[in-house]
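Per-entry structural report
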Amino acid sequence: MKFEKRDDGVYVLDVKGYVCPHPQIYTKKALSKVQPGDVVEVIFDNPSSGESIAAMCETTGDEILTKKHDGGQFVWDIEKA
Amino acid sequence: MSTTAIDIATTEASNSALEKDLRKKRYWAYGVTVFFALISIGTFLYSEYYIYLSVYLWFGFIYGMCLQYGRFCFSSAFRDLFAVGVPRMAVGIMIATVLFAAVSAFITSTGLSTFHAAPTSIHAFIAGLIFGVGMVFAGGCASGSLYKTGEGNMSALLVILSISVTQALFADMAGWTNALVPDAWHESAVAKGLPDTINAGDGWVDQYLAGYVWNQPVLTFATLFGMSDESIAGAFLGNMLVGVLFPAALLLVIVYFGWSRRAFLRRRVKEKGHSTFRDELAGYWAMITANRRTAIAGLLLGIFCGLQMLVTQGLRVKFGIQNAGTLLERLGFDYGISINNTVFDPGYWYVTTQEAQWVGWVFNKFGADNMDNIYFGFVNGIPNPAVNPADWMSLALIGGAAVMALLHNEFKFKKPTLELAVWAMIGGALMGIGSRLGLGCNVGAFFVRVAQGDTSGWLFGLGMIGGAYIGVKFFNWWTERRMAKEFASCDL
């Protein structure tokens, strides 16, 4: 797992290789730490975690700005509400 | 060449590579499907009895497709509620259970059900608790690990291996473990008068089964209300309505108020400035239909699980058998058949026993004397996995999930990291022990039993919820610890 700051208000959370529940728990913790308006780019390759992360954002109000999917890898940009 | 022209050329090349990759995956998907079709056709041409095994195979294939399509994992049902506040899978599972219950009630009332209820007591809760912790550690339940293996996830394969080996070892454990058996269990097990070759007074699991579990009452909601399971009132009112529909609706109300209501009403108030009782109902319905994929998978699983019972029982009548052991003997396979001439042949979706069987078969081939216990020797046998009907189901489930993942470009071969491998082994071992104590996993001991109105199913389920809560608490602590350093380096 890697979490780093890419730019002002932009962070990257790389949880490739992890299975449930790790990607969704790490995503939740990352979003809880950053400021409203900040963007976290989440990189994961466990499809079922995507369902959970999307539902979690629906509940919290965090917005998924972009979703990229290529060769079993997902890259989602999530803006904290 | 201008920069724009280079960009366009690069994009076209990348699109072409992507299309090529997708086409390759599609061919693999067709290949897997054709492989299973050839097995079915080839074996049927050899003997019509193989159609019995092919029924297991194709239902397994369908389950795999449904599970992958809906990302249907029992582990995430309560784990995601506690971990990230997401109710989608809890909802999906309740939908599947209610549908399965409706189809089952019909089948039971026609007298064609293959289901036998299990003893009900605190053991089901404890087994569920151990299983629940295990499934959170492992990252998937017993059925979820099968479908995730089909997605190319090798951590899930490790989980399956761990469940399989643990069960095979646990079921045959004797020696020092006999000292842990209460005298009452030992005396009761010996008094059952099982054949000498089984030696029910030796081995922890044997004495647990014959000395404790078999003494517990077998209850369904229908029998609790004085109705027979096969009567229309018993099947529909007792087992379906009271045993499944009411508790499922109640559970969903709890989930709605606990995890879904606040966010939904917040949005409604933002839109309209207020909320009414109508909005509450709309919120409840929105929760149920929030995830289309999960709901559709639940719906299909419920229907096909019921159909499998009907088709299997039909074939039993056609071939004049009660159990696949007779068919295997007719086909010339008498190795690994139990002392009662039976093999594991539930006639419905099941996961863990066939996993224990194939490892039991391997151990036996390497010289282990593991047919002297109740689990293998008296009930389930350890037939060659190549002709074990339930193993056909599990392998086809992995295949069905692989096909679905390949078609949706979600197949990715993933090697486990050391950390995930450790969690997989620990979680799998806990699920293996929980399965043998509870006489089944999230499918056999919970999903199937609950849908048939078996009271022990809900006890196992409550245990799983408790176990999931404990597992999530642990992982919260674990991830918090791992992220602290990363946050510090980002000044967060």
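What counts and what doesn't
- Residues numbered from 1 in each chain as written.
- Chains lettered and ligands numbered in written order.
- Predicted model: local features only at pLDDT ≥ 70, side-chain atom pairs only at ≥ 80, totals over all residues.
- Heavy atoms only, no water.
- Helix = DSSP H or I, 4+ residues; strand = E, 2+ residues; numbered from the N terminus.
- Rg over C-alpha atoms; globule rule 2.2 N^0.38 Å.
- Buried < 20%, exposed > 50% of the residue type's maximum accessible area, 1.4 Å probe, protein only.
- Contact = heavy atoms within 4.5 Å.
- Areas by Shrake-Rupley, 256 points an atom, 1.4 Å probe, with all protein chains shown as cover.
- Lys, Arg positive; Asp, Glu negative; His and termini not counted.
- Charge placed at Lys NZ, Arg CZ, Asp CG, Glu CD.
- Right-handed = clockwise from strand over helix to strand, strands pointing away.
- Pairing = 2+ DSSP bridges.
- 1 Å grid on protein atoms, 1.4 Å probe; cavity = no way out; pocket = protein on both sides within 12 Å on 5 of 7 lines; lining within 4 Å.
- Points joined across faces, edges and corners; volume = space filled by probe spheres on them.
- Buried area = accessible area lost by both parts, 1.4 Å probe.
- Salt bridge = Lys/Arg side-chain N within 4 Å of Asp/Glu carboxyl O.
- Polar contact = N/O pair within 3.5 Å; in protein donor to acceptor, adjacent residues only side chain to side chain.
- Nonpolar A, V, L, I, M, F, W, Y, C, P; charged D, E, K, R; others polar.
- pLDDT = per-residue confidence, 0-100.
- Expected span 1.5 Å × (residues − 1).
- Phe/Tyr/Trp six-rings, centres within 6.5 Å; stacked < 30°, edge-to-face > 60°.
- Lys NZ or Arg CZ within 6 Å of the ring centre and 35° of its normal.

Overview of the overall build of chain A
Helices and strands together make up the secondary structure of chain A, namely 2 helices and 5 strands. Compactness check: chain A gives a C-alpha radius of gyration of 11 Å against a globular reference of 12 Å for 81 residues, within 12% of the reference. Per-residue burial over chain A gives 60% buried out of 81 residues. Counting only contacts in chain A whose residues sit at least 6 apart along the sequence, the fraction spanning at least 24 positions is 60%. Total accessible area computed for chain A in this model is approximately 3100 Å², and 44% of it derives from carbon and sulfur atoms. Taken as two groups, the 10 positive and 14 negative side-chain charges of chain A have centres that lie 6 Å from each other.

Here we look at the pairing of strand E3 (residues 39-44) of chain A
All names here are of chain A. Of all the 6 residues making up E3, 6 are buried; the element is thus mostly covered by neighbouring parts of the structure. Residue alternation in E3 divides its side chains into two sets, Val39, Glu41 and Ile43 and Val40, Val42 and Phe44, and both sets are buried. A crossover connection joins strand E2 (residues 10-14) to the parallel E3 through helix H1 (residues 22-33); in handedness this β-α-β unit is right-handed. Sheet topology places E3 next to strand E5 (residues 73-79); 6 bridges connect them, and they run antiparallel. Bridge pairing in E5 places phenylalanine 44 opposite phenylalanine 74.

Side note on empty space enclosed by the protein
Summed over all chains, the structure comprises 2 cavities of 30 Å³ or more. Each pocket or cavity is described by its volume, and for the largest cavity that value is around 50 Å³. What lines the largest cavity is simply Val19(A), Ala138(B), Gly139(B), Gly140(B), Ser145(B), Lys148(B), Asn153(B), Ser155(B), Ala156(B) and Val159(B). Counting only elements with at least two residues in the lining of the largest cavity, the list comes to helix H6 (142-150) and helix H7 (154-171) of chain B.

Examining the interface of chain B and chain A
If you look at the interface, chain B gives 42 residues, while chain A gives 39 residues. The largest contributions to the chain B side of the interface with chain A come from Val84(B), Met483(B) and Leu492(B), which together make up 15% of the buried area. We note a salt bridge from Lys414(B) to Asp45(A), for which the minimum N-O separation is 3.9 Å. The interface formed by chain B and chain A holds 14 residue pairs in polar contact (both at pLDDT 80 or more) in total. Mapped onto the side of chain B that touches chain A, the elements with two or more residues apiece are helix H1 (3-46), helix H3 (74-84), helix H5 (122-138), H6, helix H11 (232-272), helix H18 (418-438) and helix H20 (455-489) of chain B. With 8 residues, the top contributor of residues to the side of chain B that touches chain A is H20(B). By residue class, the composition of the side of chain B that touches chain A is 16 nonpolar, 9 polar and 17 charged.

With respect to the confidence of the model for chain B
Per-residue confidence for chain B averages 93 on the pLDDT scale, and 97% of its residues sit at or above 70. Both confidence scores are given for the complex: pTM 0.91, ipTM 0.88.

Let's talk about the pairing of strand E4 (residues 63-70) of chain A
Residue and element names in this part refer to chain A. Examined bridge by bridge, E4 and E5 share 7 bridges and lie antiparallel to one another. Of the residues in E5, the one forming a bridge with threonine 66 is aspartate 77. If you look at the hairpin formed by E4 and E5, you'll find 2 residues sitting between the two strands, and glycine 71 has a positive phi there, around 55 degrees.

Focus on the side chain of Gln308(B)
All names here are of chain B. Positionally, glutamine 308 belongs in helix H13 (residues 292-319). The exposure class of glutamine 308 is buried, given its relative accessible area of 0%. A polar side-chain atom of glutamine 308 sits 3.3 Å from the main-chain amide nitrogen of tryptophan 349. With residues near it in sequence (within four places) discarded, glutamine 308 still touches Tyr56, Phe59, Tyr63, Gly347, Tyr348, Trp349 and Met393.

So, H1(A)
Counted at 1.5 Å a residue, the expected span for H1(A) with its 12 residues is 16 Å, and the 17 Å between its end C-alpha atoms agrees. With 9 of 12 residues buried, H1(A) lies mostly within the body of the structure.

Quick word on the packing of aromatic side chains
Enumeration according to the criterion identifies 47 aromatic pairs over all chains in this entry. Consider the rings of Tyr208(B) and Tyr212(B), whose centres lie 6.2 Å apart with planes at 25 degrees: the pair is stacked. Accessibility expressed as a relative area gives 17% for Tyr212(B), which makes it buried. Clustering of aromatic rings is evident, with ring pairs tying together Phe59(B), Tyr63(B), Phe72(B), Phe74(B), Phe100(B), Phe304(B), Trp349(B), Phe446(B), Phe447(B) and Trp458(B). Stacked on the ring of Trp76(A), the Lys or Arg Lys67(A) has its end atom at 4.5 Å from the ring centre.

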